[in-house]
Every structure is written in structure tokens, then in C-alpha cells.
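Given next are the chains, with one letter for each unit.
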Amino acid sequence: MPTPSSQAFCASSIIGTGSYMPEKVLTNDDLSKIVDTSDEWITTRTGIRERRIAAEDQATSDMAAEAARRALADAGISAEEVNLIVVATVTPDMFFPSTACFVQKKIGATNAVCFDISAACSGFLYALQVARHFINTGNRSTALVIGAEKLSSLINWQDRNTCVLFGDGAGAVVIRRAEEETDAPGRVLSTVMGSDGNLADLLKVPGGGSACPITAENALSRPNTIHMEGRETFKHAVTRMCQASEQALEMAGLKKEDITLIIPHQANLRIIQAIADRLGLPHDKAFINLDKYGNTSAATIPVALDEANRAGRLKRGDILLLVAFGGGFTWASSVVRW
Ligand code: UT7
């Protein structure tokens, strides 16, 4: 059963989507020149063929701002109409100010309250739920919810266990209160979230924070890069994403057969296929773009949603299942009626 913290809300609708991916492409073959790996291994084990890498002088907020501008254009509203910006990221421009404040400045959203959320790969769905709370209580009317990452800044390019998996990019949605109109398009029908800090050590960036500041002594062991127990993470990801999907569907009063399209976190094709199998759905019900971008953490779901939207794959009334899993561990799922 869904937990009490995951109660259903009403009347927040996605009215625009946008994304931005950096130009530079890093292929599996490129990586095989840096570490002991191969296109065959990466493709078979993950489904990833290439990923995008941000320019050195491109910060997370630069990508987030461009995704936001595109989402605003899609929604047909101005930046001044936005009164809340929530950015989900584990690669903020700096510890503070928040990346959301930099986005505000870059897009001119002068009327917005701005802050970041840290929930790793589940960050976008966490941010969506936080923004819904603000909107559904009447506190705010129009929010930009953004997932943006420059994971290349956290990668140890000597570690083949992790460097082949991740990439950079940003995705954004505009959400707005749907007033009395209960069948408004893009309506978020349900969201469930969960966390288990007991498993924090399985996926983390151990250094660079207050627990382990970077010093001249520890810098060479690269504690400020991603460390992951891949096999364990994989198992938990499948279990939690299936549970969360079922809970979000139940909360929305829908069944698995009602799903038109799954927009899953893009970490590993085998994880996505295992989820589809467990839900009893064909693999082609899941939107896939990890072959092009790899795992962009909080950005995967809004980028996939935007690509599905712009490719004309989303029709009015479609039932979308959004589902994510990441460091913490954290997990979340949302059902959206397009
Ligand atoms: O986004 C947040 C959530 N993240 C995830 O959900 C990721 C979950 N984990 C995974 O996707 C997979 O566990 C990985 C893709 C990370 C690894 O795949 P795996 O099938 O679990 O492989 P493994 O870690 O069990 O490693 C199998 C073998 C090992 O060699 P031995 O010990 O069998 O000789 C690894 O050393 O593959 C080796 N290996 C590689 N070989 C070539 C690991 N990385 C590579 C590599 N190229 N890049």
C-alpha cells in the first residue's frame, strides 16, 4: 500500500516541456581508448552507445536555463509568469547559491522563489512532487521543475565500472494549477516517493562535502567521484521501481493495462526491460533514449518526456508512468494523464 506521505493530490498539470543536451558526443569506442572496455561490453550490459559531455565552461545552470527556455516556449508563457523554480541536481554549479537561483537570473524569472533538491536520479520526480505541493495548496501558481546534471564533473575517467555509464544534460517542465478543470491535459494524477538511507554507501560521491573535504593528501584517490556497487544497485532499482510503479498506479485508480507509455529513469536497458517484464508489459511500452545519452541522473525523465512530446508520441488522454531510482537510495513514480 502507498505510505501516508504519498497521498494523492489534484490539479497540477504539465503545460510545457523542454530539454537541452550538450553538443559533444562521447562514444563507447572513444571510451575504449581511455579504459579497458569495449563497445560490445557497454552495449550488451547497459544499452548505452554514446553520451553527451558539457563544455568545460558550461555549468549545470547553463544547460538547465536552456531547457527551461524551451519549456517556457512550449508552454507559451513568459519567464515573469513563473513564481517557483525547483532544480533537481547532484552537480550544482557550486554549494551555494542554489543552481535554481542561477537559472532564475539567466532566464529572467524575476518573480520566482528558487531552490534545489538533492535526491540523485529520483530528483526530478521529487522536485515535481514538491512543486505540486506548492501549487495545490495555492501558495504558487506556475512552476519550472528542472532536472539538470553535469555528471562528467563527478566521473573518475580511470574507473571503467562507472565512467561508461553517465552523461550530461538537462530537462524541464512547466507545471500550472489546473483550477476546477479536472480533465486538464498533462495532469499529474499521483506521485509516490521513498528513501532508504541504510543503503547510502552503495551509490555515492564520498568526498568533497563536509564529511570528507578534498585535501592535498586525499585528492589523488579521487573521493569526489561517483562510487557504485553496480550489481546491488541494479537489484534494488528493479524491486523499488516496480513497487513504486504499482503504488502510483493504484493511487491514480488505474491498472497496468491502462499505461500508454513508461518514461523510466535511463540507467540501464536491462533494468527497464526487467520492470516492463514484471509489470507484464511489452518492452516497446518503455521510452528509451539511454543509447544516445547514458544516465544523466535527475535529467533523464524530463529529457525523455520532452523527446517523446516533440516526437509526437504523446496523445491527449495517454497514461504515462514516470519512474525513477537513485542514490540514497531514493525512488519515486508518477502517473500523468497527457
Ligand atoms: O542511476 C542510479 C541507479 N544506477 C543503476 O541502477 C545502475 C545499476 N547497475 C548496473 O547498471 C550494472 O550493474 C552495471 C552496468 C553497472 C554493471 O553491469 P553488471 O552486469 O552488473 O556487471 P558487473 O559489475 O557484475 O561486472 C561484470 C564484469 C566484471 O568482471 P569480472 O569480475 O566478472 O571479471 C567487471 O570487472 O564486467 C567487468 N566490467 C567491465 N568490463 C568491461 C565492469 N565494467 C566494465 C566495463 N567494460 N566498462
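Throughout what follows, the structure given in this document is the object of discussion. (Residues numbered from 1 in each chain as written. Predicted model: local features only at pLDDT ≥ 70, side-chain atom pairs only at ≥ 80, totals over all residues. Heavy atoms only, no water.)

1. As for the nonpolar core
- In this structure, M241, I262, L321 and V335 are the most contacted members of the largest nonpolar core, which totals 42 residues.
- Counting residues per element, the ones that place at least two in this core are β8 (187–195), α7 (230–252), α8 (269–279), β12 (319–326) and β13 (330–337).
- Here the element with the most residues in this core is α7; it accounts for eight residues.
- Counting only domains with at least three residues in this core, you end up with domain 1 (4–177) and domain 2 (187–337). (Core = buried A, V, L, I, M, F, W, Y, C linked by side-chain atoms within 4.5 Å. Buried < 20%, exposed > 50% of the residue type's maximum accessible area, 1.4 Å probe, protein only. Helix = DSSP H or I, 4+ residues; strand = E, 2+ residues; numbered from the N terminus. Domains from an automatic or database assignment.)

2. Here's the deal with the layout of surface pockets
- Looking at the largest pocket, its volume works out to about 1500 Å³.
- Taken together, the elements giving at least two residues each to the lining of the largest pocket come down to α2 (39–46), α6 (160–163), β9 (203–204), α7, α8 and β12.
- If one sorts the elements of the lining of the largest pocket by residue count, α7 sits on top with six residues.
- Two domains each provide a minimum of three residues to the lining of the largest pocket, namely domain 1 (4–177) and domain 2 (187–337). (1 Å grid on protein atoms, 1.4 Å probe; cavity = no way out; pocket = protein on both sides within 12 Å on 5 of 7 lines; lining within 4 Å. Points joined across faces, edges and corners; volume = space filled by probe spheres on them.)

3. Considerations on the packing of aromatic side chains
- This structure, assessed with the given rule, holds three aromatic pairs.
- Ring centres 4.7 Å apart and planes at 50 degrees place the aromatic pair F325 and F329 in the tilted group. By the burial criterion, F325 is buried, and F329 matches it.
- Centre to centre, the rings of F325 and W331 are 6.5 Å apart; their planes meet at 15 degrees, and the pair counts as stacked. For the residue pair F325 and W331, the accessibility class agrees, reading buried in each case.
- Taken together through their ring pairs, the aromatic side chains of F325, F329 and W331 make up a single cluster. (Phe/Tyr/Trp six-rings, centres within 6.5 Å; stacked < 30°, edge-to-face > 60°.)

4. Section: α7
- For α7, which comprises 23 residues, the first-to-last C-alpha distance of 32 Å matches the rise-based estimate of 33 Å (1.5 Å per residue) to within 8%.
- Considered for burial, the residues of α7 that qualify are T233, A237, V238, M241, C242, A244, S245, A248, L249 and M251.
- In this structure, the buried side of α7 is in contact with β8, β9, β10 (227–228), α8, β12 and β13. (Expected span 1.5 Å × (residues − 1). Contact = heavy atoms within 4.5 Å.)

Take it as geometry only, folks, not as evidence of what the structure does.
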